[in-house]
Amino acid sequence: MRCAIVSDIHANLEALEAVLEDIRNRGIREIYCLGDLIGYGPNPRECIDLAMRHFKVTIMGNHDQAALFDPEGFNSSAESAIFWTREQLESRGNPRQNEKRWEFLGELPRRHQEGEFLFVHGSPRIPLNEYIFPEDIYNRRKMERIFQLVDRYCFVGHTHVPGIFLESGEFIEPADLSGGAYQLPDQKVVVNVGSVGQPRDGDPRACYVILDDSAITFCRVPYDVEKTIEKIYRVPALDNFLGDRLRQGR
Ligand SMILES: [Fe+2]
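Quick caveat, the model's predicted, so the values are computed rather than measured.

S.K.: An account of the packing of helix α1 (residues 13-25) against helix α2 (residues 44-54) is requested, with residue identities and associated values reported.
M.R.: Direction vectors running N to C along α1 and α2 enclose 25°, while the axes themselves pass 10 Å from each other. In this view, α1 runs roughly parallel relative to α2, as classed from their interaxial angle. Helix-helix and strand crossings are classified by hand; for α1 and α2 the assignment is left-handed. Residues L13, L16 and L20 of α1 form the contact with α2, whose own contacting residues are E46, C47, L50 and H54. Taken together, the residues of the contact of α1 with α2 sort by class into five nonpolar, one polar and one charged.

S.K.: Give a detailed account of the environment of E90, specifying residues and quantitative values.
M.R.: Position of E90 relative to the elements: it lies in helix α4 (residues 76-91). Remark: the alpha-carbon pair of E90 and R101, spanning 11 residues in sequence, is separated by 9.6 Å.

S.K.: An account of the nonpolar core is needed here, citing residue identities and associated values.
M.R.: Membership of the largest hydrophobic core comes to 59 residues, with the highest contact counts inside it found for I5, V6 and Y208. Excluding its chain neighbours within four sequence positions, the residues that come into contact with Y208 are A4, I5, V6, V19, V193, G194, V196 and C219.

S.K.: Give a detailed account of the sheet that holds strand β12 (residues 215-221), specifying residues and quantitative values.
M.R.: Pairing in this open sheet of six strands is mixed, and the strands run β3-β2-β1-β11-β12-β9 from one edge to the other. The open sheet terminates on both sides in strands that have one partner only, identified here as β3 (57-58) and β9 (182-183). As paired strands, strand β11 (residues 206-212) and β12 are joined by seven bridges and run antiparallel to one another. Note on β12: the bridge partner recorded for C207 is R220.

S.K.: Tell me what's going on with unusual backbone geometry, and back it up with residues and numbers.
M.R.: If you check the backbone angles, Y40 has positive phi at about 80° while not being a glycine. Locating Y40 in the fold gives a position in the loop between β2 (31-33) and α2.

S.K.: If you had to explain the sheet that holds strand β7 (residues 163-166) to someone new, which residues and values would you point to?
M.R.: What holds strands together in a sheet is hydrogen bonding between their backbones, with the strands either parallel or antiparallel. Spatially, β4-β5-β6-β10-β7-β8 is the arrangement adopted by the six strands of the open sheet, whose pairing is mixed. Pairing within the sheet leaves two strands with one partner each, and these edge strands are β4 (111-114) and β8 (171-172). As defined by bridge partners, β7 adjoins β8 across two bridges and the pair is classed as antiparallel. Among the inter-strand pairings, F165 is bridged to a residue of β8, identified as F171.

What counts, and at which threshold
Residues numbered from 1 in each chain as written. Predicted model: local features only at pLDDT ≥ 70, side-chain atom pairs only at ≥ 80, totals over all residues. Axes fitted to C-alpha atoms, helices over the stretch in contact; angles between N-to-C directions. Helix = DSSP H or I, 4+ residues; strand = E, 2+ residues; numbered from the N terminus. Parallel < 35°, antiparallel > 145°, perpendicular 65-115°, else oblique. Left-handed = near helix turned anticlockwise from the far one by under 90°. Contact = placed C-beta atoms within 7 Å. Nonpolar A, V, L, I, M, F, W, Y, C, P; charged D, E, K, R; others polar. Core = buried A, V, L, I, M, F, W, Y, C linked by C-beta atoms within 7 Å. Buried ≥ 20, exposed ≤ 12 C-beta atoms within 10 Å, placed from the backbone. Pairing = 2+ DSSP bridges.

Pasting the structure below:
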C-alpha cells in the first residue's frame, strides 16, 4: 500500500493545494483523509470540492459533523466558525453544487478499515471526538483500551499534533526521525498524521504522512500562510486568532 494520509484541512485552501501538489510530485495517487475538511478556515466549499475530486476515502471529523448537525462542546470561536461555514454551504453559490457537497458530507463514514489499516478521525474508541495526546502515554489505562481496538495499525488526526504511539508505551515525534522514513515495528501502532490546515506542533507548515508498505514518512509543506490569514481577517465571523495561530503553528 502506497498512499498519502492527510487530516484536519479546516477549510485552508492554500495549505490543501500545496499538499496536493507535493503528493502529486511524489507520484502518489491514493489519498486518504481523516476528516475535519471544514471549520475554522475561510474556504469550506473549495476544500470540499477538492476532497470529492482527489480523496479515495474521507472519514468524518467532528467539525464536519458539527456543520451537518449541531456544534456540541465547541468554544465560541469554533462555534461561530461552524455557523458561518454552514451559511457558506447552504446559501452561497450554485444550489446543485451545494446539494452535492451536503450529500458528500452526510455520507462520510466514521471509520474505514482496509486490511491491517484502520482510519478514524479521533480514536478507535470514540471515532469523532476522543483526543489521543502525546502525554496520554502516561495514561496506561486509556492507551491499553485504545490499543485493544486496533488490529495492527491505526491512523488518526484530531489533535493536530503528529507522531507515533507504540503499544509498548512510547511516543515518537517526527523530529526524532529527522525527515526520514520510519519502519513500523512488529507491534500495534497508532499514527497521528498531523494537520494540513492548522498545525499545532509549533511548525506552521502543512503536515501529512506518506505510507509506503509499512514505512511512514512525515512530510511538511510550506504554503502562503499570510494569504490564508488575510482571508480570515476579512470575515468577521472568523476570529482573528484563527489566523494568528496559523503563523505560529499553534
Ligand atoms: Fe481538527
